[in-house]
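# Commentary on secondary and tertiary structure
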Amino acid sequence: MKKNTIDSTRVIDIPRIVDEGGRGNLSVIEKDCIPFKIERVYYLYDVPIDAYRGGHAHKNLKQFLVPLSGSFDVILKDGKNTKTVTLNKPNKGLLIVPGIWRELENFSSGAVCLVLASEVYNEDDYIRDFQDFVIAKKSTE
Ligand code: TYD
């Protein structure tokens, strides 16, 4: 389990190209924007307003969450501290490093959460029990 704290998670600005002719915005994530190579892309959508996603930590996976549409809250925990980040701008994404517990909630109607991930799907990389997570974090102290 990685020693990382919630201070290692951060919001990253995604470059935005505003069309001079009033045709809207274009944002682009190129290789230098996020600190890992993308191996997988998935997205959450049609999430009911009272639903809760996440509820786990990863041992090695790095992820970058982008609210392509709408908004939602990401609650981050490192076993000691908690912080909540509201994502509501398609040109601002959240980097989540390994060893951080995350919960996603408060999805607005029509919200879409794009996730760029550093590894392909691997269930063995998950810690899905919060007490196991807290114990694993303590052992890194
Ligand atoms: P999970 O990561 O638990 O979703 P969330 O954190 O959004 O609540 O994944 C939900 C289910 O989907 C789980 O059974 C595993 C499966 N899944 C895949 O098969 N591939 C993937 O890339 C992801 C992210 C999940």
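That block above? That's the structure.
Anyway, here's the lowdown on the structure attached to this text. (Residues numbered from 1 in each chain as written. Predicted model: local features only at pLDDT ≥ 70, side-chain atom pairs only at ≥ 80, totals over all residues. Heavy atoms only, no water.)

### Some words on the overall build of the protein chain
For clarity, the threshold we go by: Numbering of helices and strands runs from the N terminus, with a helix taken as a DSSP run of H or I at least four residues long and a strand as a DSSP run of E at least two residues long. Every radius of gyration here is taken over C-alpha atoms, with the globule rule written as 2.2 Å times N^0.38, N being the number of residues. The cut-offs for exposure are 20% and 50% of the maximum accessible area for each residue type, with area from a 1.4 Å probe on protein chains only; residues under the lower value are buried, those over the upper are exposed, and the others partly exposed. We call two residues in contact when some of their heavy atoms are within 4.5 Å. Surface accessibility in these figures is a Shrake-Rupley result with a 1.4 Å probe; residues are shielded only by whichever protein chains are displayed. Neither His nor the chain termini are counted; the positive set is Lys and Arg, and the negative set is Asp and Glu. Here the site of a charge means atom NZ of a Lys, CZ of an Arg, CG of an Asp or CD of a Glu.
Assigned secondary structure in the protein chain consists of one helix and 12 strands. Of the regular secondary structure in the protein chain, the N- to C-terminal order runs β-β-β-β-β-β-β-β-β-β-β-β-α. In terms of C-alpha radius of gyration, the protein chain reaches 16 Å, essentially the compact-globule figure of 14 Å for 141 residues. Projecting the C-alpha coordinates of the protein chain onto the three principal axes gives extents of approximately 55 × 35 × 25 Å. Within the protein chain, the fraction of its 141 residues that count as buried is 40%. Taking the intrachain contacts of the protein chain between residues at least 6 apart in sequence as the baseline, contacts between residues at least 24 apart amount to 79%. Per element, the accessible surface of the protein chain, about 8,200 Å² overall, is 49% carbon and sulfur. If you average the places of the 20 positive and of the 20 negative side-chain charges in the protein chain, the two averages end up 4 Å apart.

### Points about the sheet that holds strand 8 (residues 82–87)
Condition: We treat two strands as partners when DSSP finds at least two bridges between them.
Strand order in the open sheet formed by five strands is 8-7-10-5-12, and the pairing between neighbours is antiparallel. A strand with exactly one partner marks an edge of an open sheet, and here the two such strands are strand 8 and strand 12 (126–127). Across three bridges, the pairing between strand 5 (residues 53–58) and strand 10 (residues 101–105) is antiparallel. Bridging from a neighbouring strand, His-56 pairs with Arg-102 of strand 10.

### Things to note about the site of the ligand
In plain terms, the rule: The criterion for a residue being near a molecule or strand is simple. One of its heavy atoms has to lie within 4 Å of it. Two N or O atoms form a polar contact when they lie within 3.5 Å of each other; inside protein one atom must be a possible hydrogen donor and the other a possible acceptor, and for residues adjacent in sequence the pair counts only when both atoms belong to side chains. Side-chain classes are defined by residue name, with Ala, Val, Leu, Ile, Met, Phe, Trp, Tyr, Cys and Pro counting as nonpolar, Asp, Glu, Lys and Arg as charged, and the others, Gly among them, as polar.
As a structural note, the neighbourhood of the ligand is formed by Arg-40, Tyr-42, Leu-44, Arg-53, Gly-54, His-56, Tyr-121, Tyr-126 and Arg-128. At a separation of 3.1 Å, an oxygen atom of the ligand approaches a polar side-chain atom of Arg-53. A distance of 2.9 Å separates an oxygen atom of the ligand from a polar side-chain atom of Arg-128. Within the complex, 61% of the 530 Å² of free accessible area of the ligand lies under protein. Counting only elements with at least two residues in the shell around the ligand, the list comes to strand 4 (40–44) and strand 5. Its residues placed into classes, the shell around the ligand shows four nonpolar, two polar and three charged.

### Topic: the pattern of salt bridges
Going by this rule: The term salt bridge refers to a side-chain nitrogen of Lys or Arg lying within 4 Å of a carboxyl oxygen of Asp or Glu.
Under the defined criterion, the tally for this structure stands at six salt bridges. Close ionic contact of Glu-141 with Lys-80 constitutes a salt bridge, the shortest N to O distance being 3.2 Å. With a gap of 61 residues between them, Glu-141 in the segment after helix 1 (130–138) and Lys-80 in the loop between strand 7 (72–77) and strand 8 connect regions that are remote in the sequence. Looking at Lys-80, the relative accessible area reads 65%, which means it is exposed.

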